[in-house]
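Notes for the structure review
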Amino acid sequence: MSTIKLQNLTKRFGDLVAVNNVDLNIDAGEVLCLLGPSGCGKTTTLRMVAGLEMATEGDVFLADKRVNDLTPSQRNVAMAFQFYALYPSLNVAENLAYPLHADRLSQADIDGKVREVARVLDLTDVLNRLPGRLAEGEKQRVSVGRAIIRDPNCFLFDEPLSRLDVQLREQMRGQIKEVLSGLNKATVIVTHDQLEALTMADRIAVMRDGYIEQVGTPHEVFATPSNLFVAGFIGTPQMNLMAGTFAGQRSGSLRLKTGEQEIAIPSSVPHAGLTEGGRVTIGIRPRSTELASEAGDDTLTATVDLIEPMGAETLLHLSDGDRDLRVVVDQDVMVRVGEQLHVRPRASQTHLFDQNDARIA
Ligand code: ATP
């Protein structure tokens, strides 16, 4: 079975801990995206799986076999840095066959593999064409084909779509996911683009400073971020994160104070993790709100500073003097700069984080 298992994987460059004690299991057929800001250790993790970088500590298992001491070629992984570099003087079939030459296969075996990959990627009709005569999407599919043709133990992709324009990226995200899901291999994709991760991954591992902050399905990391970093990193526009204090739980609501305002979040669950007067961070996604016609127990009041049209929606930047609040409304909601609004967060989608930045369940 094509699986990847990382156990206590650590990489130090001198004093810098680039990857810190990473544990991950990726199943056959599963696509895991390593997502995080620049420098968080994504590529170094991937390079340790490929054998291009030696682990300082910890183990890499491919198909249940410990591979720490194997060379990259002995590990038989397919690693692609981006889906592009095609040889311009070779036609599609020759480009696809290129990675097979080291394997000493018969011409009949090579032709068979090329035909199969071309069928999966819908390239059969263009096998004799040179790259210069291909549409952009076809070129991308050929480079995916080159990555998958050798039947490797697993697939490793580093920012595969980073050089593409927006439209092609959108197309490729869906296509790559479809192709990979039919191959039953463990796949790791490194990206700093959350949209890429949310659309292509079965699970996302969010990294920061060498650590894995959270591993979960795209829905889990979006809907239940385990800490403040993940909450702020996943989701656009970014989640509003407001410093506050817990003012007690009364009549089925959590009372939260932020600046001069107090807001009630309906909740019947007793929150053992909260103490009255204790510091909390309140997380409200800009889309998890509605505008109320008047101020209430469950609204925050703020003034419109800036109106940013985004097509079907409008992003409003509000302020109550002390803190900013971003709210997304439908394009047909008419407001003016300077107008006072009452914003009601959706109770079930309001997040709370404790003094250590951890999610309060
Ligand atoms: P990016 O998206 O910018 O590539 P990343 O998350 O992939 O970032 P890495 O490339 O893994 O991050 O780098 C993690 C840290 O390790 C960074 O601080 C980087 O400067 C450092 N680093 C990476 N390779 C080396 C090296 N060969 N020698 C010294 N430091 C390195």
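Presented here is an overview of the structure given in this document. (Residues numbered from 1 in each chain as written. Predicted model: local features only at pLDDT ≥ 70, side-chain atom pairs only at ≥ 80, totals over all residues. Heavy atoms only, no water.)

**Re the environment of Asp-15**
With respect to the helices and strands, Asp-15 occurs in the loop between β1 (4-13) and β2 (16-26). Given the relative accessible area of 81%, Asp-15 is considered exposed. Each C-alpha atom of the pair Asp-15 and Gly-338 lies 51 Å from the other, and the pair is 323 residues apart in sequence. (Helix = DSSP H or I, 4+ residues; strand = E, 2+ residues; numbered from the N terminus. Buried < 20%, exposed > 50% of the residue type's maximum accessible area, 1.4 Å probe, protein only.)

**Examining the sheet that holds strand β17 (residues 313-319)**
Pairing is antiparallel across the open sheet formed by 5 strands, whose spatial order is β15-β19-β16-β17-β18. Each of the sheet's edge strands pairs with one partner strand only, and the pair in question is β15 (289-292) and β18 (324-330). For this sheet the average axis-to-axis angle between neighbouring strands, irrespective of direction, equals 50 degrees. Both strand β16 (residues 300-309) and β17 contribute to a ladder of 6 bridges, which runs antiparallel. When the bridges of β17 are listed, Leu-306 appears paired with His-317. (Pairing = 2+ DSSP bridges. Axes fitted to C-alpha atoms, helices over the stretch in contact; angles between N-to-C directions.)

**So, the site of the ligand**
The environment of the ligand is formed by Phe-13, Leu-16, Ala-18, Pro-37, Ser-38, Gly-39, Cys-40, Gly-41, Lys-42, Thr-43 and Thr-44. Note that an oxygen atom of the ligand is positioned 3.0 Å from one of the backbone N or O atoms of Cys-40. Interatomic distance of 2.8 Å between a side-chain N/O atom of Thr-43 and an oxygen atom of the ligand. Within the complex, 58% of the 630 Å² of free accessible area of the ligand lies under protein. Among the elements that line the shell around the ligand, the one with the most residues is helix α1 (residues 42-50), at 3 residues. (Near = heavy atom within 4 Å. Polar contact = N/O pair within 3.5 Å; in protein donor to acceptor, adjacent residues only side chain to side chain. Areas by Shrake-Rupley, 256 points an atom, 1.4 Å probe, with all protein chains shown as cover.)

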